[in-house]
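Each chain, letter by letter, is given below.
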Amino acid sequence: MGLDRGDGRRQGAGDRESRGPAAADRHQDLEHCFIALLPEEKRRGHKELTIPPRAVGKAEIAIDAKGLTRTFGDFTAVDHVTLSIERGEIFGFLGSNGCGKSTT
């Protein structure tokens, strides 16, 4: 696999010439690795986004669902799911195609 170096050449996962010897120490998560693999002109000026933790305590509930069930004939895709999603919280359903994520 190779990524755009910005000079017409490709940079593979093992090519660390533009990142220095301490690259492994600096690149601890996916975002850092992605930025490190960008060509220098695209990395220049990058500022890390810091998202503060959400406050603990009183939370405004944006979505409150209780006892959701979704069946398709004899098949129960979702069975008595209850959830509360606070304002500002990111939430997603994971599952295979046709398991009831959208219709629930």
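Residues numbered from 1 in each chain as written. Predicted model: local features only at pLDDT ≥ 70, side-chain atom pairs only at ≥ 80, totals over all residues. Heavy atoms only, no water.

### Quick look at the overall build of the protein
Inference 1: Tallying secondary structure elements over the protein gives 3 helices and 4 strands in all.
Inference 2: Helices and strands in the protein line up, N terminus first, as β-β-α-α-α-β-β.
Inference 3: For the protein, the residues scored as buried account for 15% of the 104 residues in total.
Inference 4: Within the protein, residue pairs in contact and separated by at least 24 positions form 30% of the contacts whose partners lie at least 6 positions apart.
Inference 5: With the model as given, the accessible surface of the protein reaches about 8500 Å², and the carbon-plus-sulfur share is 55%. (Helix = DSSP H or I, 4+ residues; strand = E, 2+ residues; numbered from the N terminus. Buried < 20%, exposed > 50% of the residue type's maximum accessible area, 1.4 Å probe, protein only. Contact = heavy atoms within 4.5 Å. Areas by Shrake-Rupley, 256 points an atom, 1.4 Å probe, with all protein chains shown as cover.)

### Section: unusual backbone geometry
Inference 1: Despite not being glycine, His80 has its phi angle at roughly 55°, a positive value.
Inference 2: The residue His80 is located in strand β4 (residues 75-86) in this model.

### Remarks on the pattern of salt bridges
Inference 1: Under the counting rule described, the total for this entry stands at 3 salt bridges.
Inference 2: The partner of Glu60 in a salt bridge is Arg87, and the shortest N-O contact between them spans 3.2 Å. Pair noted here: Glu60 is in the loop between α3 (40-43) and β3 (61-72) and Arg87 is in the segment after β4, with a separation of 27 residues, a long-range link.
Inference 3: Overall, the relative accessible area of 48% leaves Glu60 in the partly exposed class.
Inference 4: Arg87 sits in the exposed class, given a relative accessible area of 54%.
Inference 5: Note that Lys66 and Asp64 form a salt bridge whose closest N and O atoms lie 2.9 Å from each other.
Inference 6: Taking relative accessible area as the criterion, Lys66 reaches 61% and is therefore assigned exposed. (Salt bridge = Lys/Arg side-chain N within 4 Å of Asp/Glu carboxyl O.)

### Quick word on the pairing of β4
Inference 1: Across 8 bridges, the pairing between β3 and β4 is antiparallel. By the bridge assignment, Phe72 is partnered in β4 with Phe75.
Inference 2: Where β3 folds back on β4, the antiparallel hairpin that results is connected by 2 residues, among which Gly73 adopts a positive phi of roughly 65°. (Pairing = 2+ DSSP bridges.)

### Focus on the packing of aromatic side chains
Inference 1: For the structure on display, the rule yields 1 aromatic pair.
Inference 2: When the ring of Phe91 is compared with that of Phe93, the centres are 5.7 Å apart and the planes differ by 90°; the resulting orientation is edge-to-face.
Inference 3: Residue Phe91 is classed as partly exposed on the basis of its relative accessible area, which comes to 44%.
Inference 4: The exposure class assigned to Phe93 is partly exposed, which follows from its relative accessible area of 45%.
Inference 5: Lying over the aromatic face of Phe72, Arg70 brings its terminal NZ or CZ to 4.7 Å of the ring centre. (Phe/Tyr/Trp six-rings, centres within 6.5 Å; stacked < 30°, edge-to-face > 60°. Lys NZ or Arg CZ within 6 Å of the ring centre and 35° of its normal.)

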